[in-house]
Amino acid sequence: MHKFIPMAIPSFDIQEKRILNECLDSTWISSAGPYIDKFEQAFAQKFNVKHAISCSNGTSALHLALLALDIKKGDEIIIPALTFVSTANVVVYTGATAVFVDIDPLTWNIDASKIEAKITKNTKAIIPVHLYGYPCDLSAILRIAYKYGLAVIEDAAEAHGAIYKNKYVGTLGDIGCFSFYGNKIITTGEGGMLILKSSRLAQKIRLFKNHGMSQIRRYWHPVVGYNYRMTNLQAAIGLTQLDKIEIFLKKRTLIKKWYIQRLSSVPGLYMPPSDTTNSKSVNWLFTMRVTGKKTRDQLIQFLKKKNVDSRPAFYPVTDFPMYKTGEEFPVAQKITHEAINLPTFVDLTKEQVNYITKMIRSYISL
Ligand SMILES: *Cc1c(COP(=O)(O)O)cnc(C)c1O
């Protein structure tokens, strides 16, 4: 039996240990310290944006984006029916209402052709999510946003380095939000980042993330703020990880190629979308559809017995009690039952992919 293969393992080397020890020795372990600025500046440089603002996680990044845009009760925010739950939760945190749109059957991202029908006089913003690292149809989304005067907040929590029409995702909308959770493209343990052009919005984000404290008058709080700060320890790890992002992305692209080479000819398995001239995915989690006689859930159980971890795709958020609207989202409903995530991480070896795909082929053809 093969040694257990997990879904994801973060990739560290001696550099993370060294920089963490340096932080401990310096005693700068909280949210002041030199690495916060260094990480933010390096991130802004990498993504070629004016402002990069660190925060405690990807969820707080999305919440801060909505706060900076003055989103409040009575406002409506358009999001995809299929996403990680926090895309919807942050809307509720502000008192606004999440309005759901079904997904595209090929990319599993928000179906831009179904957005306009959901726009009302209360709509304030769209949050496209680049699910599993594949870019959304941003041209169509930005066109609609411009026509109706809506803000666009990109949820790029799974898509650091993904490219849409020669630009990094996260840089095309008004604000881009990233997560550095342990299984994301780069990690800080927990952590998040917002990137944007607007200095006015950047100032508001910095206000809200630091207890609403005035930046010119200490202990003066003109708004109800939050403690959404990143620590110097996290930023130090982030800086080190960011240095390696291109190596990480190359390996993830190679892993996608390995899976597709070994599985694309298996009847009933549908591979994730290929890159196009417009869209380059980062293969956050290799995700395919299982549509034959063997179900997705049966395959997960089988792989578990073979010591291979795998995951079902997210549930549509519209399945959860607090987000049920009575509407149907047929594409999201179908994909959620068919899609499976396979182990995807930088240190995954060809030998491991050979084993995983051999097991899958043997089970499906049984
Ligand atoms: C991970 C993730 C988030 C939330 O990030 P956290 O750092 O876990 O708070 C938000 N949206 C999507 C699509 C994600 O995958």
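Cut-offs and rules
Residues numbered from 1 in each chain as written. Predicted model: local features only at pLDDT ≥ 70, side-chain atom pairs only at ≥ 80, totals over all residues. Heavy atoms only, no water. Helix = DSSP H or I, 4+ residues; strand = E, 2+ residues; numbered from the N terminus. Contact = heavy atoms within 4.5 Å. Near = heavy atom within 4 Å. Polar contact = N/O pair within 3.5 Å; in protein donor to acceptor, adjacent residues only side chain to side chain. Areas by Shrake-Rupley, 256 points an atom, 1.4 Å probe, with all protein chains shown as cover. Nonpolar A, V, L, I, M, F, W, Y, C, P; charged D, E, K, R; others polar. Buried < 20%, exposed > 50% of the residue type's maximum accessible area, 1.4 Å probe, protein only. Pairing = 2+ DSSP bridges. Axes fitted to C-alpha atoms, helices over the stretch in contact; angles between N-to-C directions. Lys, Arg positive; Asp, Glu negative; His and termini not counted. Salt bridge = Lys/Arg side-chain N within 4 Å of Asp/Glu carboxyl O. Phe/Tyr/Trp six-rings, centres within 6.5 Å; stacked < 30°, edge-to-face > 60°.

Undergrad: Any chance you could break down the side chain of S214 for me, citing the residues and the numbers?
TA: Following the sequence through the fold, S214 ends up in the loop between α6 (199-209) and α7 (232-243). If we skip the residues at most four places from it in the chain, S214 touches L207, W220 and P222.

Undergrad: If you had to explain the site of the ligand to someone new, which residues and values would you point to?
TA: G58, T59, E158, S179 and K184 are the nearest of the 14 residues found near the ligand. Backbone polar atom of G58 to an oxygen atom of the ligand: 2.8 Å apart, as the coordinates give it. Taking D155, its side chain carries an N or O atom lying 2.8 Å from a nitrogen atom of the ligand. The protein chains hide 92% of the 380 Å² of surface that the ligand would expose on its own. Where the shell around the ligand is concerned, the elements lending two or more residues are α3 (58-68) and α4 (86-93). For the shell around the ligand, the class distribution of residues is three nonpolar, eight polar and three charged.

Undergrad: Outline the pairing of strand β9 (residues 192-196), listing residues and values.
TA: Counting buried positions along β9 yields five of five residues, so the element is predominantly enclosed. Both faces of β9 are covered, namely the face carrying G192, L194 and L196 and the face carrying M193 and I195. In this structure, strand β1 (residues 51-55) lies alongside β9, joined through five bridges in antiparallel fashion. Bridging from a neighbouring strand, H51 pairs with L196 of β9. Looking at chain direction, strand β8 (residues 175-179) and β9 are connected through five bridges and run antiparallel. If you follow I175 over to β9, its bridge partner there is L196.

Undergrad: Let's hear about the sheet that holds strand β11 (residues 279-280): which residues, and what values?
TA: Taken together, three strands build an open sheet; the order of strands is β7-β6-β11 and the sheet is antiparallel. In this open sheet, the two strands that pair with only one neighbour each are β7 (167-168) and β11. In this sheet, β11 lies alongside strand β6 (residues 163-164) in antiparallel orientation, the contact comprising two bridges. Its bridge partner lying in β11, Y164 is registered against S279.

Undergrad: Which residues make up the sheet that holds strand β12 (residues 286-290), and what values do they have?
TA: Spatial ordering of the open sheet is given by β10-β12-β14-β13, a layout of four strands whose pairing is antiparallel. Edge strands, defined here as strands with exactly one partner in the open sheet, are β10 (269-270) and β13 (311-312). The sheet contact formed by β10 and β12 spans two bridges and is antiparallel. Looking at β12, one finds that L269 is bridged to V290. Of the strands in this sheet, β12, β13 and β14 (339-342) touch helix α9 (residues 296-305), which is tilted by about 25° from β14.

Undergrad: Outline the side chain of D155, listing residues and values.
TA: Along the polypeptide, D155 turns up in strand β5 (residues 151-155). Here D155 occupies a buried position and makes no salt bridge, while the nearest side chain of opposite charge, K184, is found at 6.8 Å. Within the structure, the side chain of D155 is placed 3.0 Å from the side chain of T87, a separation counted as a polar contact. Here D155 is in contact with L62, T83, T87, I127, P128, V129, H130 and C177, once residues within four sequence places are set aside.

Undergrad: Let's hear about the packing of aromatic side chains: which residues, and what values?
TA: In total, this model carries 17 aromatic pairs according to the counting rule given. Taking 5.1 Å as the distance between ring centres and 20° as the angle between the ring planes, the aromatic pair formed by Y226 and Y228 counts as stacked. Accessibility expressed as a relative area gives 26% for Y226, which makes it partly exposed. Aromatic side chains Y259 and F286 sit 4.6 Å apart centroid to centroid with 25° between the ring planes, which places their arrangement in the stacked category. Placement of Y259 in helix α8 (residues 245-263) and of F286 in strand β12 is noted, with a sequence separation of 27 residues between them. The same class applies to Y259 as to F286, namely buried.

Undergrad: I'd love a proper account of unusual backbone geometry, names of residues and values included.
TA: In this structure, N48 takes a positive phi of about 55° despite not being glycine. Its place among the elements puts N48 in the loop between α2 (34-47) and β1. Backbone geometry places Y132, a non-glycine residue, at a positive phi of 55°. Mapping Y132 onto the fold places it in the loop between β4 (123-126) and α5 (138-148).

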